[in-house]
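Chain and residue survey
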There are 2 protein chains.
Amino acid sequence: MRYTIGKISQKTGLTTHTLRYYEKEGLLPFVQKNSAGIRVFSENDLGWLSMIECLKATGMPLKGIKQYIDWYQEGDTTLSKRLNMFQNQKIYLKQQIKELQKHLEKIDYKINLYQEAVKQGSLEKAENNKELQKEKHRLFNMKKIQK
Amino acid sequence: MRYTIGKISQKTGLTTHTLRYYEKEGLLPFVQKNSAGIRVFSENDLGWLSMIECLKATGMPLKGIKQYIDWYQEGDTTLSKRLNMFQNQKIYLKQQIKELQKHLEKIDYKINLYQEAVKQGSLEKAENNKELQKEKHRLFNMKKIQK
DNA sequence: ACTTGACTTAGAGTCAACTCTAAAAATTAT
DNA sequence: ATAATTTTTAGAGTTGACTCTAAGTCAAGT
């Protein structure tokens, strides 16, 4: 199946502007153009966009994604570079998830605190709750600064 | 304990420039200044910076963080707004974590694929592996575009 | 007292990633 | 056939979050 840029925009949620921008940045080197100069996207291009989304969402800048695509185009001589890139991205991603889970605990604490505060009509009163104090200490206990 | 901007910079990893920028943006309304105009940070300010980091890391723009701080300063009349904000942030964060875990699966697939490709010296050969094909289908199986 | 380093301000500059504009050509709908 | 919509390009503009500069003040060490 072949798709116009508008269809791909609907499908991916990226604007047509963004898709052209990605192409200009070298992220979509496989997209064909017909005789009138109009882009014709294939299933394969959708696959690339899915991979781009994955790398972008996991914190890789567009330049890094372009590097990967450049390596892909160089062929099998860059296989280990690409493997290495994915392995690093995995390490980074696992770290990210771990951090977000810690942040989730902090936000849960705040929700508990504010639920109590709404109930009592006062943040100060809620902060006097022993259970919440213990939780706060556990979560926000920052190491002291040394001279 | 009282700290200068430099100490806080060391402690938080934010540059002094960034700390002043945050203050200018209204994110640190509690930071005091001494008679010479020099910022004096307290433990309480570190607590605020920790919360700012949490909200920033979970995708809230600085404007949203400022809104929260403005509400805080308005006092107990905004308790439910703040509770609501944290509840929304939690929903958003859980969604984020779920998405990152999906991305992790995709990256794991790519690692398996490239490990096989490196072993075989060819990406094409690796792509012919039945197990990997099944996995690819499971992970990248995109819905068709409808007319 | 002098030097070195940290602090102050207002404001300019940078960077990544879009986002939009304008004018023209192609495609689709009536 | 005509109108409306979509696509094309090059290039300019925007946004968010810093990041840096310059010119000056303050503080600590010798």
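For the structure, see preceding data.
Now for a look at the structure at hand.

Parameters at a glance
Residues numbered from 1 in each chain as written. Chains lettered and ligands numbered in written order. Predicted model: local features only at pLDDT ≥ 70, side-chain atom pairs only at ≥ 80, totals over all residues. Heavy atoms only, no water. Near = heavy atom within 4 Å. Polar contact = N/O pair within 3.5 Å; in protein donor to acceptor, adjacent residues only side chain to side chain. Helix = DSSP H or I, 4+ residues; strand = E, 2+ residues; numbered from the N terminus. Contact = heavy atoms within 4.5 Å. Buried area = accessible area lost by both parts, 1.4 Å probe. Salt bridge = Lys/Arg side-chain N within 4 Å of Asp/Glu carboxyl O. Axes fitted to C-alpha atoms, helices over the stretch in contact; angles between N-to-C directions. Parallel < 35°, antiparallel > 145°, perpendicular 65-115°, else oblique. Left-handed = near helix turned anticlockwise from the far one by under 90°. Buried < 20%, exposed > 50% of the residue type's maximum accessible area, 1.4 Å probe, protein only. Nonpolar A, V, L, I, M, F, W, Y, C, P; charged D, E, K, R; others polar. Expected span 1.5 Å × (residues − 1). Phe/Tyr/Trp six-rings, centres within 6.5 Å; stacked < 30°, edge-to-face > 60°.

With that out of the way, let us pick up the protein's contact with DNA strand D. Close to DNA strand D lie 17 residues; Gly6, Arg20, Lys33 and Arg39 of chain A together with Tyr22 of chain B are nearest. The protein-proximal atoms of DNA strand D, defined as those within 4 Å of the protein, are 67% sugar or phosphate. Within the contact set of DNA strand D, a phosphate oxygen lies 2.4 Å away from a side-chain nitrogen or oxygen of Lys33 of chain A. At 2.6 Å from a phosphate oxygen of DNA strand D is found a side-chain nitrogen or oxygen belonging to Arg39 of chain A. Breaking the surface near DNA strand D down by element, the ones donating at least two residues are helix H1 (5-12) of chain A together with helix H2 (16-24) of chain B. The biggest single contributor to the surface near DNA strand D is H2 of chain B, with four residues.

As a further point, take the interface of chain A and chain B. Chain A puts 50 residues into the contact, and the matching count from chain B is 50 residues. When chain A packs against chain B, close to 4700 Å² is buried across both sides, 74% of that on carbon and sulfur atoms. Counting across the chain A and chain B interface gives two salt bridges. Note that Lys90 of chain B is salt-bridged to Asp108 of chain A, the shortest N-O span being 2.7 Å.

What follows concerns the packing of helix H4 (residues 62-74) of chain B against helix H5 (residues 79-120) of chain B. Residues and elements named next belong to chain B. H5 packs onto H4 with a crossing angle of 155 degrees between their chain directions and a minimal axis gap of 9 Å. Here H5 runs roughly antiparallel to H4, going by the angle between their axes. The element H4 and its partner H5 pack so that their crossing is left-handed. Where H4 abuts H5, its residues Tyr68, Trp71 and Tyr72 lie against Lys81, Arg82, Met85 and Phe86.

Turning our eyes to something else, we now look at the protein's contact with DNA strand C. Surveying the vicinity of DNA strand C reveals 18 residues, the closest of which are Tyr22 of chain A together with Gly6, Arg20, Lys33 and Arg39 of chain B. The contact atoms of DNA strand C, taken as those within 4 Å of the protein, divide so that sugar and phosphate hold 72%. Note that a phosphate oxygen of DNA strand C is positioned 2.9 Å from one of the side-chain N or O atoms of Thr4 of chain B. The backbone of Gly6 of chain B places a nitrogen or oxygen atom 2.8 Å from a phosphate oxygen of DNA strand C. At the level of secondary structure, the elements contributing two or more residues to the surface near DNA strand C comprise helix H2 (16-24) and helix H4 (62-74) of chain A together with helix H1 (5-12) of chain B. For the surface near DNA strand C, the element with the highest residue contribution is H2 of chain A, accounting for four residues.

For the structure on display, the rule yields twelve salt bridges over all chains. Glu23 of chain B is paired through a salt bridge with Arg39 of chain B; the nearest N and O atoms lie 2.8 Å apart. Taken together, the residues span a long stretch of sequence, with Glu23 of chain B in helix H2 and Arg39 of chain B in strand E2 (residues 39-40) at a distance of 16 residues. Judged by relative accessible area, which is 18%, Arg39 of chain B ranks as buried. Taking the shortest distance from any N to any O, the salt bridge between Lys66 of chain B and Asp70 of chain B comes out at 3.0 Å. Residue Lys66 of chain B and its partner Asp70 of chain B are located together in helix H4, separated by four residues, close to a single helical turn. The network of salt bridges with common partners includes Glu105, Glu135 and Arg138 of chain A.

With that settled, consider the packing of helix H3 (residues 43-57) of chain B against H4 of chain B. Angle between the axes and distance between the axes are the two parameters that describe a pair of packed helices. All names here are of chain B. Direction vectors running N to C along H3 and H4 enclose 140 degrees, while the axes themselves pass 10 Å from each other. Judged on the interaxial angle alone, H4 and H3 are oblique. Handedness of the H3/H4 crossing: right-handed. Of the residues in H4, those in contact with Trp48, Met51, Ile52, Leu55 and Lys56 of H3 are Leu62, Ile65, Tyr68, Ile69 and Tyr72. Residue classes in the contact of H3 with H4 are distributed as nine nonpolar, no polar and one charged.

Turning next to helix H3 (residues 43-57) of chain A. Residues and elements named next belong to chain A. For H3, with 15 residues, the first-to-last C-alpha span of 21 Å sits near the 21 Å given by 1.5 Å per residue. Within H3, burial applies to Asp45, Leu46, Trp48, Leu49, Ser50, Met51, Ile52, Cys54 and Leu55. Backbone geometry just after H3 places Gly59 at a positive phi near 95 degrees.

It is worth spelling out the packing of aromatic side chains at this point. Under the defined criterion, the tally for this structure stands at 14 aromatic pairs over all chains. Pairing Trp48 of chain A with Tyr68 of chain A gives two aromatic rings, centres 5.9 Å apart and planes at 45 degrees, and the pair type is tilted. Placement of Trp48 of chain A in helix H3 and of Tyr68 of chain A in helix H4 is noted, with a sequence separation of 20 residues between them. Here the aromatic rings of Phe86 of chain A and Tyr114 of chain B are separated by 5.7 Å at their centres, their planes lie at 25 degrees, and the arrangement is stacked. Note that Phe86 of chain A is positioned in helix H5 (residues 79-120) and Tyr114 of chain B in helix H5, a pairing that runs across two chains. Taken together through their ring pairs, the aromatic side chains of Phe30, Trp48, Tyr68, Tyr72 and Phe86 of chain A together with Tyr114 of chain B make up a single cluster.

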